[in-house]
Amino acid sequence: MIKVAIMGYGTVGSGVYEVIKTNQKSIDKKVGQELRIKYVLDLREFPGDPVMEVLTHDFEEILNDEEVKIVAEVMGGLHPAYEFTKRCLEAGKSVCTSNKELVAEHGAELIQIAKEHQVNYLFEASVGGGIPIIRPLNSSLTADVILEISGILNGTTNYMLTKMDREGLDYIDVLKEAQHKGYAELHPEADVEGWDACRKIAILTSLASGSQVDYRDIYTEGITKITTRDFAYAKKMNRAIKLLAISRKVGDTYCVMVSPALIHREHPLYMVNDVFNAVFVEGNMLGTSMFYGSGAGKLPTASAVAGDIVDAARHLGKIITLFWEPEKLELAPMEQMTRRFFVRMKEGAEPEAYFGDGERIDARVPGEFGFITPVMSEAEYAAKAAGAEIISMLRVEG
Ligand code: HSE
């Protein structure tokens, strides 16, 4: 019998408990022996919840119990998750997590520590919720050089943008609704400012390159400045506005950024709505492949953590190789990325004088019009836009 502990009984932790309990028989078959939850760690009490039978408030109890071979770290945040994870790995316990902050910050180091102690650090749930993307990148696509990973990696903002698009609501009203429904946090900055998507694309780029990407190096722009006027233009152009995370191979490195983008109706990411996520991967041999599914939420995320627990149980004493070394990857400057840009300008402005020939867009918005520039680099755009009176800019994808 294999004993596991779950650290954190919040949304994801209670989901992991539910997945393992609900699918116990099938999980036991897939592991090849019984897999049981011996502890759930949380500071709170849960009167009336069957979890009380295994609840502990003491991390040391889990750490010192040699029977516990696998720990799910679903506490979130950097501390004490980092210290707890490190100590579990050093004590010879595999750790499975959904904690993207921790994986983005210390992934390479924790993988290294796991390796030194003949255990595994697995983090399928850290990107794309229930979508299998870490494992495909790490095992199925290893014969390819990854040329591009782009995707919609944040469920909350995708839900909000879908609502703004469909119902013509303002950003602030949609945010209130998303908070009311429990999608957006009371402090929603990590989602709406793009920081969550930034950490996720940092993790994916680290796996694609095999080196540590510092998420602080990634240019990140959120959705807080998007207005109903932007959606009027998007509709006119048969496009949707999505918060896009993009990582493109440039020479020996990658150029990475997170920002809202106008996506054409024919692009596969156009159809990704509500809390769904999708990751689009291009390999030099594979061509393109898209991974789509529930990007957030209790059970999808818990399912990915529980899947890692099964994998860890099948590999006790054996290391699942992960290609992610601690040396830092110097990213290519985002100024090199090329694309078209959509700008809004006041009536009477002459965008052609700044950007050259492009396409004017009339979405019947009073006092202004839109303009799509020719393809140019971010650096060229910044130089040309400096003198022009731009109301707002959105990047055009595809
Ligand atoms: N806040 C995240 C999202 C949760 O909305 O996608 C899943 O990582």
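Owing to the predicted nature of the structure, the values given are computational and were not obtained by experimental measurement. (Residues numbered from 1 in each chain as written. Predicted model: local features only at pLDDT ≥ 70, side-chain atom pairs only at ≥ 80, totals over all residues. Heavy atoms only, no water.)

Novice: How would you summarise the site of the ligand if you had to cite specific residues and measurements?
Specialist: Lining the immediate surroundings of the ligand are K100, N154, G155, T156, D191, D196, K200, G295 and A296. Between N154 and the ligand, the recorded distance is 3.5 Å, taken from a side-chain N or O atom to an oxygen atom. Here the ligand loses 82% of its free accessible area of 250 Å² to cover by the protein chains. Contributing elements (two or more residues each) for the shell around the ligand: α7 (155-167) and α10 (195-209). In terms of residue class, the shell around the ligand is made up of one nonpolar, four polar and four charged. (Near = heavy atom within 4 Å. Polar contact = N/O pair within 3.5 Å; in protein donor to acceptor, adjacent residues only side chain to side chain. Areas by Shrake-Rupley, 256 points an atom, 1.4 Å probe, with all protein chains shown as cover. Helix = DSSP H or I, 4+ residues; strand = E, 2+ residues; numbered from the N terminus. Nonpolar A, V, L, I, M, F, W, Y, C, P; charged D, E, K, R; others polar.)

Novice: Tell me what's going on with a positive patch on the surface, and back it up with residues and numbers.
Specialist: Residues K25, K29, K30 and R314 make up a contiguous surface patch of positive charge. Ranked by residues supplied to the positive patch, first place goes to helix α2 (residues 24-31) with three residues. Locating K30 in the fold gives a position in helix α2. By relative accessible area, which is 52% here, K30 ends up exposed. (Patch = residues over 30% accessible without salt bridge, like charges linked within 9 Å, V, L, I, M, F, W, Y side chains within 5 Å. Salt bridge = Lys/Arg side-chain N within 4 Å of Asp/Glu carboxyl O. Lys, Arg positive; Asp, Glu negative; His and termini not counted. Charge placed at Lys NZ, Arg CZ, Asp CG, Glu CD. Buried < 20%, exposed > 50% of the residue type's maximum accessible area, 1.4 Å probe, protein only.)

Novice: Kindly report on the side chain of T301, identifying the contributing residues and their values.
Specialist: Its place among the elements puts T301 in helix α12 (residues 298-314). Residues within four places of T301 in sequence aside, it is in contact with V12, S98, A125, G129, G130 and A296. (Contact = heavy atoms within 4.5 Å.)

Novice: Describe the pairing of strand β13 (residues 338-346), with residues and values.
Specialist: Here two bridges tie β13 to strand β16 (residues 376-377), and the two strands are oriented antiparallel to one another. If you follow T338 over to β16, its bridge partner there is S377. Summarising the sheet, β13 and strand β17 (residues 390-397) pair through six bridges and their orientation is antiparallel. Paired with F341 across the bridge in β17 is R395. (Pairing = 2+ DSSP bridges.)

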